[in-house]
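These are the residues of each chain, in order.
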Amino acid sequence: MDLTVPYLGPLSLSPGMSVSISGVIDNNCTRFAVNLQCGDSEDSDIALHVNPRFDDNDIVFNTLRDGYWEEEDVVPEVPFTKGESFQLIITASAEAFEINVNGNQIHTFQQRMPLERVSAIRVIGDVTLETLNINEN
Ligand code: GAL
């Protein structure tokens, strides 16, 4: 499996399923993002955008609909370390995405789009991927 970033792969989710990503944060990381997308293209709707920002010292969560970003959920911490490995797990329920970083629950994002619209996962930015697993649970 080629996990070169930018990475794009297929993803379909139902409640109880999770996506587990591990990798290493680049030494010079400014930002990276994990997008659960409704389609393969650069301008597809994004059901969940997870965007750790070292430059702003926070993580922004959002939805992109018809080319427009909606209201941001902002968690005012970056529980990642430049140059170090990380694990990010996104678990879907019917109502929300639970986001866990390195074993710690960091955010619950209430779903704004039907889960069945998600068809792809894209990872972009200053990060190296090592594993990407989709778990049925
Ligand atoms: C914008 C940024 C996008 C995306 C969005 C999330 O300011 O340019 O890449 O992160 O915020 O709300």
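Described below are features of the structure shown in this document.

Reading the values: the criteria
As a convention, each chain's residues are numbered from 1 in the sequence order in which they are written. Predicted model: local features are reported for residues with pLDDT of at least 70 only, side-chain atom pairs are reported and counted for 80 or more only, and whole-chain, interface and lining totals are derived from all residues. To obtain the side-chain values, all non-hydrogen atoms of the structure were included, while hydrogens and water were left out. The helix count covers DSSP runs of H or I at least four residues long, the strand count covers runs of E at least two residues long, and both are numbered beginning at the N terminus. In this description the radius of gyration comes from C-alpha coordinates, and the expected globular size is given by 2.2 Å times residues to the power 0.38. Three exposure classes are used, based on accessible area relative to the maximum for each residue type with a 1.4 Å probe and protein chains only: buried under 20%, partly exposed in between, and exposed over 50%. Residue contacts are counted whenever heavy atoms from the two residues lie within 4.5 Å of one another. Only the protein chains shown count as cover for residues, with accessible areas throughout obtained via the Shrake-Rupley method and a probe of 1.4 Å. The working definition used for a salt bridge is a side-chain nitrogen of Lys or Arg within 4 Å of a carboxyl oxygen of Asp or Glu. Only Phe, Tyr and Trp rings are paired, with Trp represented by its six-membered ring, and only when their centres lie within 6.5 Å; those with planes under 30 degrees apart are stacked, over 60 edge-to-face, the remainder tilted. A cutoff of 4 Å decides nearness: a residue is near a molecule or strand if any of its heavy atoms lies inside that distance of it. A 3.5 Å cut-off defines polar contacts: any pair of N or O atoms within that distance qualifies, except that in protein one atom must be a possible hydrogen donor and the other a possible acceptor, and neighbouring residues in sequence count only when both atoms are side-chain atoms. Amino acids are sorted into nonpolar (Ala, Val, Leu, Ile, Met, Phe, Trp, Tyr, Cys and Pro), charged (Asp, Glu, Lys and Arg) and polar (every other residue, Gly among them).

1. A word on the overall build of the protein
Part 1 of the reasoning: The number of helices and strands found in the protein is zero helices and twelve strands.
Part 2 of the reasoning: When the helices and strands of the protein are listed from N to C terminus, the series reads β-β-β-β-β-β-β-β-β-β-β-β.
Part 3 of the reasoning: For the protein, whose C-alpha radius of gyration is 14 Å, the value lies close to the compact-globule estimate of 14 Å for 137 residues.
Part 4 of the reasoning: Structurally, the protein occupies a C-alpha span of about 35 × 35 × 30 Å along its principal axes.
Part 5 of the reasoning: Per-residue burial for the protein yields a buried fraction of 48% across its 137 residues.
Part 6 of the reasoning: Long-range pairs, those at least 24 residues apart, make up 61% of the contacts in the protein with a sequence separation of at least 6.
Part 7 of the reasoning: Put simply, the protein shows about 6,600 Å² of open surface, and 44% of that area lies on carbon and sulfur atoms.

2. Some remarks on the pattern of salt bridges
Part 1 of the reasoning: Considering all chains together, one arrives at seven salt bridges under this definition.
Part 2 of the reasoning: Across the salt bridge formed by Arg53 and Asp56, the nearest N and O atoms sit 3.6 Å from each other.
Part 3 of the reasoning: Asp56 sits in the partly exposed class, given a relative accessible area of 39%.
Part 4 of the reasoning: Here Arg53 makes a salt bridge to Glu72, at a shortest N to O gap of 4.0 Å.

3. Notes on the packing of aromatic side chains
Part 1 of the reasoning: Counting across every chain of the model gives three aromatic pairs.
Part 2 of the reasoning: Where Phe32 meets Phe86, the ring centres are 5.8 Å apart and the plane angle is 40 degrees; that geometry is what we call tilted. Of this pair, Phe32 sits in strand S3 (residues 32-38) while Phe86 is found in strand S8 (residues 85-92), placing the two residues 54 residues apart along the sequence. Of the two residues examined, Phe32 and Phe86, each falls in the buried class.
Part 3 of the reasoning: When the centroid spacing of 5.6 Å and the interplanar angle of 75 degrees are considered together, the rings of Phe80 and Phe86 count as edge-to-face.
Part 4 of the reasoning: Look at Phe80 and you get buried, because its relative accessible area is 6%.
Part 5 of the reasoning: Take Phe86: its relative accessible area is 5%, and that puts it in the buried class.

4. Re the site of the ligand
Part 1 of the reasoning: With respect to spatial proximity, the complete set of residues near the ligand consists of His49, Asn51, Arg53, Val60, Asn62, Trp69 and Glu72.
Part 2 of the reasoning: Between an oxygen atom of the ligand and a side-chain N or O atom of Arg53, the distance comes to 2.8 Å.
Part 3 of the reasoning: Surface burial for the ligand is 61%, taken as the share of its 310 Å² of free accessible area covered by protein chains.
Part 4 of the reasoning: Looking at the shell around the ligand, the elements with two or more residues in it are strand S4 (45-53) and strand S5 (58-65).
Part 5 of the reasoning: Among the elements that line the shell around the ligand, the one with the most residues is S4, at three residues.
Part 6 of the reasoning: In the shell around the ligand, the residues fall into two nonpolar, three polar and two charged.

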